[in-house]
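Each chain is listed here by its residues.
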Amino acid sequence: MAPGAVECEGVSGCGGDPALSAPPAMRLPETPFRSPALAALDAVARALLAPGFWALNRLLDLRPTTAERRRRSPCGWCRGCAAWALAGPALAVLLLLSLPVAALGLLLWLPLQAARSPFLYQHTAAAPPAEPWDLRQPRTFTFLSANLCLLPSGLAKFSNLGQTPQRAADIARRLVPAAPDPDSDRAGLMEPRHRGANGYGGTLRAERSVALEMPEVEAPVMETPTTETPEPEPEPPLSERFPPDADVLCLQEVFDAAAAACLRRRLGRVFPHVISEVGTGGLRRGRLRLLGSGLFLASRFPVLAAAFRSFPNGAREDAMADKGLLMVQVQLGSARHRRIVGYIGCTHLQAPAGDGAVRDAQLTLALRWLQQFQQERERSGDVVAFDVLCGDLNFDNCSRGDQLNQRHQLFELYQDPCRQGPGQDEPWAIGTLLNYLEIYEEPVSTPEKMKRTLSSPGGRCRFLAGPILASGLPDTAFPGPWRGRRLDYAMFRPRPPLRTDVAAVSFITRLATCSDHLPVALSLHVGPGAP
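The rules behind the values
- Residues numbered from 1 in each chain as written.
- Predicted model: local features only at pLDDT ≥ 70, side-chain atom pairs only at ≥ 80, totals over all residues.
- Heavy atoms only, no water.
- Helix = DSSP H or I, 4+ residues; strand = E, 2+ residues; numbered from the N terminus.
- Buried < 20%, exposed > 50% of the residue type's maximum accessible area, 1.4 Å probe, protein only.
- Contact = heavy atoms within 4.5 Å.
- Polar contact = N/O pair within 3.5 Å; in protein donor to acceptor, adjacent residues only side chain to side chain.
- Pairing = 2+ DSSP bridges.
- Axes fitted to C-alpha atoms, helices over the stretch in contact; angles between N-to-C directions.
- Salt bridge = Lys/Arg side-chain N within 4 Å of Asp/Glu carboxyl O.
- Patch = residues over 30% accessible without salt bridge, like charges linked within 9 Å, V, L, I, M, F, W, Y side chains within 5 Å.
- Areas by Shrake-Rupley, 256 points an atom, 1.4 Å probe, with all protein chains shown as cover.
- Parallel < 35°, antiparallel > 145°, perpendicular 65-115°, else oblique.
- Left-handed = near helix turned anticlockwise from the far one by under 90°.
- Core = buried A, V, L, I, M, F, W, Y, C linked by side-chain atoms within 4.5 Å.
- Phe/Tyr/Trp six-rings, centres within 6.5 Å; stacked < 30°, edge-to-face > 60°.
- Lys NZ or Arg CZ within 6 Å of the ring centre and 35° of its normal.

Novice: How should unusual backbone geometry be read in this particular structure?
Specialist: Of note, the amide linkage connecting Pro496 to Pro497 takes the cis form, showing an omega dihedral of 10°. Along the chain, the position of Pro497 falls in the loop between β16 (488-492) and β17 (499-508). One non-glycine residue with positive phi stands out, namely Cys149, at about 55°. Position of Cys149 relative to the elements: it lies in strand β3 (residues 139-150).

Novice: Help me understand helix α6 (residues 257-267) in this model?
Specialist: Spacing of three or four residues puts side chains on the same side of an α-helix, whose turn is 3.6 residues. Among all positions of α6, only Ala259, Ala260, Ala261, Cys262, Leu263, Arg264 and Leu267 are buried. Close packing links the buried residues of α6 with β2 (120-123), β3, α5 (164-175), β5 (248-254), β6 (273-276) and β9 (296-299). In this structure Asp256 caps α6, since a side-chain oxygen of it lies 3.2 Å from the backbone nitrogen of Ala258.

Novice: Which parts of the structure should I look at to understand the sheet that holds β17?
Specialist: What links the strands of a sheet is backbone hydrogen bonding, and the strands pair in either a parallel or an antiparallel sense. Taken in spatial order, the eight strands of this open sheet run β2-β6-β9-β5-β3-β18-β17-β4, and their pairing is mixed. The sheet is open, and its two borders are formed by β2 and β4 (238-239), each paired with just one other strand. As paired elements, β2 and β6 share four bridges and run antiparallel to each other. Counted as the bridge partner of Gln122 is Val274 from β6. Contacts from α6 reach β2, β3, β5, β6 and β9 within the one sheet, and its direction differs from that of β5 by about 165°.

Novice: Just checking my understanding: could you explain the pairing of β17 for this structure?
Specialist: Every other side chain in a regular strand lies on the same face of the sheet, so the side chains alternate between the two faces. For β17, the tally of buried residues reaches eight of ten residues, placing the bulk of the element in the interior. For β4 and β17, the ladder comprises two bridges, and the chain directions are parallel. Each residue of the ladder has a partner; that of Ser239, found in β17, is Ile508. Note: β17 against strand β18 (residues 520-527), eight bridges, orientation antiparallel. Looking at the pairing, Phe507 lines up with Val520 of β18.

Novice: Explanation requested: the pattern of salt bridges in the structure shown.
Specialist: Two side chains bearing opposite charge may form a pair once their charged atoms approach each other closely. Under the counting rule described, the total for this entry stands at 27 salt bridges. Across the salt bridge formed by Arg495 and Glu378, the nearest N and O atoms sit 2.8 Å from each other. On the criterion of sequence distance, the pair formed by Arg495 in the loop between β16 and β17 and Glu378 in the loop between α7 (356-377) and β13 (383-392) is long-range, its members being 117 residues apart. The partner of Lys449 in a salt bridge is Glu442, with the nearest N and O atoms 2.0 Å apart. Connected through salt bridges with shared partners, the residues Arg70, Glu438, Glu441 and Arg462 form a single ionic network.

Novice: Quick question: what am I supposed to make of a nonpolar patch on the surface here?
Specialist: A cluster of nonpolar side chains, namely Leu283, Leu288, Leu290 and Met320, defines an oily patch on the protein surface of about 340 Å² accessible area. By the secondary structure assignment, Met320 is in the loop between β10 (303-310) and β11 (324-335). Note on Met320: relative accessible area 35%, which makes it partly exposed.

Novice: How should the packing of α5 against α6 be read in this particular structure?
Specialist: Angle between the axes and distance between the axes are the two parameters that describe a pair of packed helices. In the contact formed by α5 and α6, the axes pass within 9 Å of each other and the chain directions differ by 20°. It follows that α5 is roughly parallel to α6 by the angle criterion. For the pair α5 and α6, the sense of crossing is right-handed. Residues Thr164, Ala168, Ala169, Ile171, Ala172, Arg173 and Leu175 of α5 form the contact with α6, whose participating residues are Ala259, Cys262, Leu263, Arg266 and Leu267.

Novice: Would you explain the pairing of β3 in this entry?
Specialist: Counting buried positions along β3 gives eleven out of twelve residues, so the element sits mostly inside the fold. As paired strands, β3 and β18 are joined by seven bridges and run antiparallel to one another. From the neighbouring strand, Ser145 faces β18, where its bridge partner is Val520. As paired strands, β3 and β5 are joined by six bridges and run parallel to one another. By the bridge assignment, Ala146 is partnered in β5 with Leu251.

Novice: Please clarify how the nonpolar core should be interpreted in this entry.
Specialist: With 61 residues, the main nonpolar core has Trp133, Phe143, Ile275, Leu326, Leu332 and Phe386 as its most contacted residues. The greatest single-element share of this core, amounting to five residues, is contributed by β13. Aside from chain neighbours lying at most four places away, what touches Phe143 is Val248, Ile344, Phe386, Val388, Cys390, Val520, Ala521, Leu522 and Leu524. Grouped together as the second largest cluster of nonpolar side chains are 28 residues, Leu144, Ala260, Val270 and Ile508 included.

Novice: What's the story with the packing of aromatic side chains in this structure? I'm lost.
Specialist: The geometry of an aromatic ring pair comes down to the distance between the two centres and the angle between the two planes. Throughout the structure, instances matching the rule amount to eight aromatic pairs. For the pair Phe395 and Phe411, a centre-to-centre distance of 6.2 Å together with 90° between the ring planes defines the contact as edge-to-face. Here the residue Phe395 occupies a position in the loop between β13 and α8 (403-406), and Phe411 occupies one in helix α9 (residues 410-413), the gap between them amounting to 16 residues. Aromatic rings pair up to connect Phe141, Phe143, Phe301 and Phe386 into one cluster. Over the aromatic face of Phe271 sits the side chain of Arg300, whose NZ or CZ is 5.0 Å from the ring centroid. In this arrangement the basic side chain of Arg419 is found over the ring face of Phe411, its NZ or CZ atom lying 4.0 Å from the centre.

Novice: Hey, could you run me through the side chain of Ser145 in this one?
Specialist: Among the structural elements, Ser145 can be located in strand β3. Of the polar contacts made by the side chain of Ser145, one reaches the side chain of Gln252; its length is 3.4 Å. Setting aside anything within four residues of it in sequence, one finds Ser145 in contact with Cys250, Gln252, Cys390, Gly391, Tyr489, Pro519 and Val520.

Novice: Looking at this model, I keep getting lost on the environment of Cys398. Mind explaining?
Specialist: As for its position among the elements, Cys398 is in the loop between β13 and α8. Along the chain, Cys398 and Gly431 lie 33 residues apart, while their C-alpha atoms are 9.4 Å from each other. For Cys398, the residues in contact, after removing those within four places along its chain, are Gln406, Pro467, Phe478 and Gly484.

Novice: Help me understand the side chain of Asp382, please; the structure alone is not making it clear to me.
Specialist: Within the secondary structure, Asp382 sits in the loop between α7 and β13. Separated by 2.7 Å, the side chains of Asp382 and Arg339 make a polar contact. One polar contact links the side chain of Asp382 to the main-chain amide nitrogen of Arg379, over a distance of 2.9 Å. Excluding residues within four positions of it along the chain, Asp382 makes contact with Gln329, Arg339, Val341 and Arg377.

In structure tokens form, the structure reads like this:
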């Protein structure tokens, strides 16, 4: 068994539907440390680190966001500069004074991380369980992937965000699905308008016929050539709401511990099974890692097994975080004593634009780990309903600087509904990375306004981040059409004998002003029959 993996073995009812409302019998780790003594030492280490962390975070937090700058009047600017001039030196002095204590806390904290659980599991019995699935009936499963940028407030300021505690509470409220509309059981997802090839997300264009009325003239009648009116650019499948029937949430950049706790409390009311605080810090392969992976997963279905594998090749600023791949096996039901299971992978790859080779190696590792995990967890007779990979891959399918990653073999196994091929997306797909300096502007200040703005080419050109070169600089010679950088993915791999069809895809504006990414929702229709 791989490190950090826990599997449900010999669970009473594990092969039957009653298990869908119960937590795994072989419990996934619910506390960071198995030993109370180690937990106490970790608490002491964190207490020693707290003053220095607080001072550094507050010092970085003095940097204003564009919204904070705009709210300040000329007099406010003077007061703000005066406050910065007073608070900055005071915080710097406090940081220097706390360094000896922080160094002692760090020396105590580092070795403890080797004994820390790779993730925390939460089961909420009060949350409504998912309905067992009868294989004879088709079923739709919905997955959501979102980068929340929930770093400590000082670090979030580098993305023009901040106030992480307040944002975490706001995001948690927005993420919890509301009751669906009575007229639609797929609220928050854009349904296909047509069945057929590439008919995802309501993106197929209706065929147009143009009738030209000719004036009545006497013979001879001259034949007038007709020209077809150019078809308009398809409207992107944008939604200002999250799908209320989402089955699995795959979140990234939930680095802040208090933010993770807030999400656990709120999401636990709807999703009985939550995995958070994924990844550990400490010295790993000679590198100091101060942050976890930031990955967070919430599921309506019972978790049978979970494993986390960290990337060994993190570079530059990303080496400070334990980025990797979270793999989860869930149980959807049973049929004739055969388990019906699903697999979900959640990941976040190397961020700097020039590190395409690092991302390429991480994609190869992720593909290998996913295959190993599934081979180790599957039992003879298991029926696999879905195999989904979600996350922020930190490369797009339009930038010339990302060509190496666009051609990775991962896309030969996993299908990306938004992609036609290397370097070419579907005409309705748009970028998910916002122009972080513009996220507080009036046209994108609410979910409804952002949806309306990003529905137009001009709005996308202004408020979405544009294609880049390998150096990370903007690609001013990009040939177009310009749709923005799509960094956030929700992909799937068909698993016969069941048939898997894409029911809907949606780019969601619900997190306006709360994140610099657009969440992505993928809905899969799974049922019997060969594709």
